[in-house]
Every structure is written in C-alpha cells, then in structure tokens.
Amino acid sequence: METEEQAKNRFQSELEFVQCLANPNYLNFLAQRGYFRDKPFVNYLKYLLYWKEPEYAKFLKYPHCLHMLELLQYEHFRKELVNAQCAKFIDEQQLLHWQHYARKRTRLQQALVEQQQQHAQHQPPHSNAVPK
C-alpha cells in the first residue's frame, strides 16, 4: 500500500513528466534513445492518460502535453519523433499556435473593453438624490 507521502511524490513526478511531453525536443530526445520502442514505457504512456480527466488536468500548466500524450499512443507518431525535423516542425507549429492565441486573446480583450466603454457612455447619469 502506498503511503500518503509516496502518493504525493508520485503525483508530482507524473505531473512534471506529463508536462515535459509538451516539449517536442524532449520527445525527440526520448525517441532517439529508444524509449518509444520499449513496451513498458509505451504502457506507462497509456497509463498516464488519466491526466486528461478534469480532476487531474486542472493542475497542468502546459495543456499541449495532453495532445502530445494522445499522439504518443500511436506507434507511427512515436517512430516519426526520431527525426529531428519532425520535432522542429511540431515546435514551430506550437509557436505559431501560441502567437495566434495571444493575438486573438488581445483582440478579444480590447473588444470587451471597448464594449464596456460604449455601454458606460450610453448609461444615464446616476443621481444620488432621493425622491420625495
């Protein structure tokens, strides 16, 4: 039976490892060293799918790791990661996604501020006078 301290350490280790999967260069490192050909390691990746559950996913800082974890379930993807160009392509795609997300989020925030300002301009002035 696992102690509370052991469970906490396992949780922290698995959280850190799962988040490392968001890094395509780390995936390339693992692939080049043969980890993705090791059946127990592939089974461990399958076990880690529990991180997709909301009660665990809420602890993740890098949600891309869940997509990578899902892709790592496919042998073809694991084999392609040996190629540094594949990792570079994924890295570039992530960067483009984050840049687009940041720009889109900024535009949405600006639109919200403008909408709030317009709404405030059309509000009648509030009076502190109490009707008699």
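Residues numbered from 1 in each chain as written. Predicted model: local features only at pLDDT ≥ 70, side-chain atom pairs only at ≥ 80, totals over all residues. Heavy atoms only, no water.

You'll find the chain entered in an unreviewed UniProt entry as Mediator of RNA polymerase II transcription subunit 31, with Coilia grayii given as the organism. Regarding the chain, the relevant UniProt record gives this comment under Subcellular location (unreviewed entry): "Nucleus". (UniProt positions renumbered as here; feature names shortened; annotations may be inferred.)

Here the structure, examined in full by the defined rule, presents 0 disulfides. Here Cys20 stays free of any disulfide, with the sulfur of Cys65 as its closest cysteine sulfur at 9.3 Å. The exposure class of Cys65 is buried, given its relative accessible area of 0%. (Disulfide = S-S within 2.5 Å. Buried < 20%, exposed > 50% of the residue type's maximum accessible area, 1.4 Å probe, protein only.)

Take helix α2 (residues 24–32) next. Within α2, burial applies to Pro24, Leu27, Asn28, Leu30 and Ala31. The arc that holds every buried residue of α2, seen down its axis, measures 160 degrees, which confines them to one face. Positive phi shows up at Gly34, right after α2, with a value of about 85 degrees. (Helix = DSSP H or I, 4+ residues; strand = E, 2+ residues; numbered from the N terminus. Arc of directions from axis to C-beta.)

This part is about the nonpolar core. Where a protein is soluble and globular, its nonpolar side chains tend to be buried together. With 24 residues, the main nonpolar core has Leu21, Phe36, Leu45, Leu48, Trp51, Leu72 and Leu81 as its most contacted residues. Looking at this core, the elements with two or more residues in it are α1 (4–20), α2, α3 (39–47), α5 (64–71) and α7 (84–121). If one sorts the elements of this core by residue count, α5 sits on top with 4 residues. When near neighbours in sequence (up to four residues on either side) are disregarded, Leu72 contacts Leu21, Leu27, Phe36, Leu45, Phe77, Arg78 and Leu81. (Core = buried A, V, L, I, M, F, W, Y, C linked by side-chain atoms within 4.5 Å. Contact = heavy atoms within 4.5 Å.)

An ideal rise of 1.5 Å per residue puts 24 Å on 17 residues; α1 measures up with 24 Å between its terminal C-alpha atoms. Of the residues making up α1, those classed as buried are Glu14, Leu15, Phe17, Val18 and Gln19. Here the buried face of α1 lies against α2, α3 and α5. (Expected span 1.5 Å × (residues − 1).)

Moving on to the pattern of salt bridges. Within this structure, the stated rule accounts for 4 salt bridges. Of the charged contacts, one joins Glu70 and Lys52 as a salt bridge, the two residues approaching to 2.5 Å between their closest N and O atoms. On the criterion of sequence distance, the pair formed by Glu70 in helix α5 and Lys52 in the loop between α3 and α4 (54–57) is long-range, its members being 18 residues apart. Residue classification places Glu70 among the partly exposed residues on the basis of a relative accessible area of 27%. For Lys52, a relative accessible area of 40% translates into the label partly exposed. Close ionic contact of Glu75 with Lys79 constitutes a salt bridge, the shortest N to O distance being 3.3 Å. Of this pair, Glu75 and Lys79 both sit in helix α6 (residues 75–80), 4 residues apart, roughly one helical turn. Salt bridges sharing common partners tie together Glu2, Arg10 and Glu14. (Salt bridge = Lys/Arg side-chain N within 4 Å of Asp/Glu carboxyl O.)

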